[in-house]
Number of protein chains: 2
Amino acid sequence: MDIEARPPQTTQQYVLEQLRRAILTGQLAPGSAIRQDALAEQLGVSRVPIREALKILEGEGQVIYRPRRGYMVAELALEDFLEVYRIRQILEEEAVRRAIERITDEDIQRLQDAHADVVAAGQAGEIVAMAAANRRFHFTLIDAAGMPRLRRFLSILWDASDVYRSLYYSEESNRERVEREHQGIIDAVRARDTEDLIRRLGEHRAGTVATFREFMARQDD
Amino acid sequence: MDIEARPPQTTQQYVLEQLRRAILTGQLAPGSAIRQDALAEQLGVSRVPIREALKILEGEGQVIYRPRRGYMVAELALEDFLEVYRIRQILEEEAVRRAIERITDEDIQRLQDAHADVVAAGQAGEIVAMAAANRRFHFTLIDAAGMPRLRRFLSILWDASDVYRSLYYSEESNRERVEREHQGIIDAVRARDTEDLIRRLGEHRAGTVATFREFMARQDD
DNA sequence: ACAAGTAATACTGGATCCAAAATACAATCG
DNA sequence: CGATTGTATTTTGGATCCAGTATTACTTGT
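Residues numbered from 1 in each chain as written. Chains lettered and ligands numbered in written order. Predicted model: local features only at pLDDT ≥ 70, side-chain atom pairs only at ≥ 80, totals over all residues. Heavy atoms only, no water.

**Quick look at the overall build of chain A**
Put simply, the rule reads: Here a strand is any run of E in DSSP of at least two residues, a helix any run of H or I of at least four, and the numbering for each starts at the N terminus. The globule rule is 2.2 Å times the number of residues to the power 0.38, and the radius of gyration it is compared with is taken over C-alpha atoms. Only protein chains enter the area calculation, which uses a 1.4 Å probe; residues under 20% of their type maximum are buried, those over 50% are exposed, and those in between are partly exposed. Contact between two residues is taken to exist if any of their heavy atoms lie within 4.5 Å; hydrogens are not considered. Only the protein chains shown count as cover for residues, with accessible areas throughout obtained via the Shrake-Rupley method and a probe of 1.4 Å.
Of the regular secondary structure elements, chain A holds ten helices and three strands. Its C-alpha radius of gyration of 19 Å places chain A within 12% of the 17 Å reference for a compact globule of 221 residues. If you line up chain A on its principal axes, its C-alpha atoms span 60 × 55 × 35 Å. When the 221 residues of chain A are sorted by exposure, 50% land in the buried category. Taking contacts inside chain A between residues at least 6 apart in sequence as the whole, the part at least 24 apart equals 71%. Accessible surface for chain A amounts to roughly 11,300 Å². Of this, 47% is attributable to carbon and sulfur atoms.

**A word on the packing of helix α4 (residues 78-102) of chain A against helix α7 (residues 148-161) of chain B**
Basically, it comes down to this: Under this scheme, a helix contributes an axis fitted over its contacting stretch, all axes are lines through C-alpha atoms, and angles between N-to-C directions fall in the 0 to 180 degree range. Angular relationships are summarised with four words: roughly parallel below 35 degrees, roughly antiparallel beyond 145, roughly perpendicular across 65 to 115, and oblique for the angles in between. Each residue gets one of three labels, nonpolar for Ala, Val, Leu, Ile, Met, Phe, Trp, Tyr, Cys and Pro, charged for Asp, Glu, Lys and Arg, and polar for the others, Gly among them.
Contact pair α4(A) / α7(B): the axes reach a minimum separation of 8 Å and the direction vectors enclose 40 degrees. The pairing of α4(A) with α7(B) is recorded here as oblique in orientation. When α4(A) is examined against α7(B), the residues A:Asp80, A:Glu83, A:Val84 and A:Ile87 are found in contact with a partner set consisting of B:Pro148, B:Arg149 and B:Leu150. Classifying every residue of the contact of α4(A) with α7(B) by side-chain character gives four nonpolar, no polar and three charged.

**Some thoughts on the environment of A:Ile108**
Residues and elements named next belong to chain A. With respect to the secondary-structure elements, Ile108 resides in helix α5 (residues 105-124). For Ile108 and Arg190, which are 82 residues apart along the polypeptide, the C-alpha to C-alpha distance reads 7.3 Å. The contact partners of Ile108, leaving out residues within four places of it in the chain, are Ile103, Val189, Arg190 and Arg192.

**Overview of the protein's contact with DNA strand C**
Our working rule: We define proximity as follows: a residue is near a molecule or strand when any one of its heavy atoms falls within 4 Å of that partner. The definition of a polar contact used here is a pair of N or O atoms within 3.5 Å, where within protein one atom must be able to donate a hydrogen and the other to accept one, and adjacent residues in sequence count solely through side-chain atom pairs.
As a matter of local geometry, DNA strand C sits amid 18 residues, with A:Arg51, A:Tyr65, B:Thr11, B:Ser46 and B:Arg69 nearest to it. Backbone atoms, meaning sugar and phosphate, form 67% of the atoms of DNA strand C found within 4 Å of the protein. In this structure, B:Thr11 approaches DNA strand C through a main-chain N or O atom, which is 2.6 Å from a phosphate oxygen. Contacts to DNA strand C include B:Ser46, whose side-chain N or O atom sits 2.7 Å from a phosphate oxygen. Breaking the surface near DNA strand C down by element, the ones donating at least two residues are α3 (47-60) of chain A together with α1 (11-25) and α3 (47-60) of chain B. When grouped by side-chain class, the residues that make up the surface near DNA strand C number six nonpolar, six polar and six charged.

**Considerations on the relation of the copies chain B and chain A**
Here is the rule we go by: Fitting of the copies onto one another was done by least squares over C-alpha atoms, counting residues only where both copies have pLDDT of at least 70.
Superposition of chain B onto chain A requires a rotation of 180 degrees combined with a translation of 0.0 Å along the rotation axis, giving an RMSD of 0.1 Å. On this basis, the relationship between the two copies can be described by a two-fold rotation axis. Residue by residue, 97% of the interface of chain B is reproduced at the interface of chain A, so both copies engage with the same surface.

**As for the domain arrangement of chain A**
Residue and element names in this part refer to chain A. Put simply, the rule reads: Start and end positions for the domains come from either an automated domain assignment or a database one. For any pair of parts, buried area is found by adding up, for both, the accessible area (1.4 Å probe) each one loses once the two are put together.
Entries for chain A in the domain assignment read domain 1 (11-73) and domain 2 (78-219). Distance from the C-alpha centre of domain 1 to the C-alpha centre of domain 2: 27 Å. Contact with domain 1, which involves four residues of that partner, is made by six residues of domain 2. Carbon and sulfur atoms make up 60% of the area that domain 1 and domain 2 hide from each other, which totals about 490 Å².

**A short note on the packing of aromatic side chains**
The cut-off we apply is this: Two aromatic rings, drawn from Phe, Tyr or Trp (for Trp, its six-membered ring), form a pair once their centres lie within 6.5 Å of each other, and the interplanar angle then sorts them: stacked below 30 degrees, edge-to-face above 60, tilted otherwise. A ring has a charge above it when a Lys NZ or an Arg CZ is no more than 6 Å from the ring centre and no more than 35 degrees off the ring normal.
Using the criterion set out here, one finds nine aromatic pairs over all chains in the structure. Of the aromatic side chains, those joined through ring pairs into one cluster are A:Phe81, A:Tyr85 and A:Phe212. Between A:Arg88 and the ring centre of A:Trp158, over which it is positioned, the NZ or CZ distance is 3.6 Å. Residue placement shows B:Lys55 over the ring face of B:Tyr65; its charged tip is 3.9 Å from the ring centre.

**Quick look at the sheet that holds strand β2 (residues 63-66) of chain A**
Residue and element names in this part refer to chain A. Defined as follows: At least two DSSP bridges between two strands are required for those strands to pair.
Judged by pairing direction, the sheet is antiparallel, and its three strands sit side by side in the order β1-β3-β2 without closing on themselves. A strand with exactly one partner marks an edge of an open sheet, and here the two such strands are β1 (33-34) and β2. As defined by bridge partners, β1 adjoins strand β3 (residues 70-73) across two bridges and the pair is classed as antiparallel. Pairing of Ala33 across the sheet is with Met72, part of β3.

**Examining unusual backbone geometry**
Residues and elements named next belong to chain B. One non-glycine residue with positive phi stands out, namely Arg68, at about 70 degrees. A relative accessible area of 80% means that Arg68 is categorised as exposed. Positive phi is not limited to glycine here, since Arg192 has a value of about 55 degrees. By the secondary structure assignment, Arg192 is in the loop between α9 (172-190) and α10 (194-219). By relative accessible area, Arg192 is classed as partly exposed at 37%.

In structure tokens, the structure reads:
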């Protein structure tokens, strides 16, 4: 027998999930204060697991903490977004450089599968599923690098910069661009062509950044 | 008036400092379990601030957490150290690229001051002070980039990879090398020569890594 | 009517208490 | 004698309670 025991879901983990979701979907708006006991009542738990979950989010930079003042959801201006996204790109580049040296055919298959999920979700118009599949796509590549700490950082950065994803994926043209670029990335991985892969990732990012700049400009009307 | 109020020191912040110190100095050995109530009694506080501090350290990767099993100090094998150090280098490189475009003469003066502190501490044989001054040196440059999130990540990575510093600075030859390389970095900053600066940082890192490899090889006797 | 000072209120930080899970240990059975 | 199951102890996770601080509202004086 070699059964992997299911890690028991503790209350703080549950709270953490709920908080992440609320922040991601904007139910907890950026800049708004987080009232601990209101949240506790709402989720039907005490304030202790709330506090501990908030400490983790603080460490990830998702919420801002001021002693005796409490927590508020971190705001992410365009400038901040670009900073996070830039860091993410640098680290992802390092990850894929290693990954391409060690990646197996099996991994590449998973990459292709994840991409298929992205396309399917996109055609079905399921924004959340598409974002999730997209994350899986990128992290399949990142995981192949075998750098657990780098992976952890990228995971945090990903969540932190994924705030506007629903705006993003809701545009047909963006979905098409993502699909096209992903396939190019897969091809580069198959060919084990590092420089081509890096170049494509760079373009992938440039396209995303350009899109966001447009969004933000449009917001300022 | 625009006075920034000093945030009052809360108990968890105190606990956090103590824990960091204990981990850094090895009083809490890597791999050892952290007993919460023992710690609470030792520091004269309740378990609540202990737990919250541990949650922060968990987020930084300094301790490992398993639900219902508790916390243990993260172990850092050579391989892990190299990974952390590599990430640190990549991010520092990005930071200094930006920094060199925006750095003021005043900043450069602070850089020179920090370096003087490194040298002074080194000659006095004060390892801890030397490590602190060294940290200040690097972060003076990093701060000039004006990328707060990048700075935060670097700060975490710095702490996480600074475990062996006492072994490191205790060698005369290393101290001399650090001093020499730092001066070279300052010169490159003064000349606003980005590529030279990057090159020197790369060498700085290579030297450190080589030193650590020797250490670890020696450990295996 | 407006500003300043004061009192009331709300919310966070910390301590204690209780329950549940994990580990260590002992007893019993093959 | 070894293994397995049952029990006791340890330790963590969560809830409630209390104290201290910040914010808000109100009152009073100019």
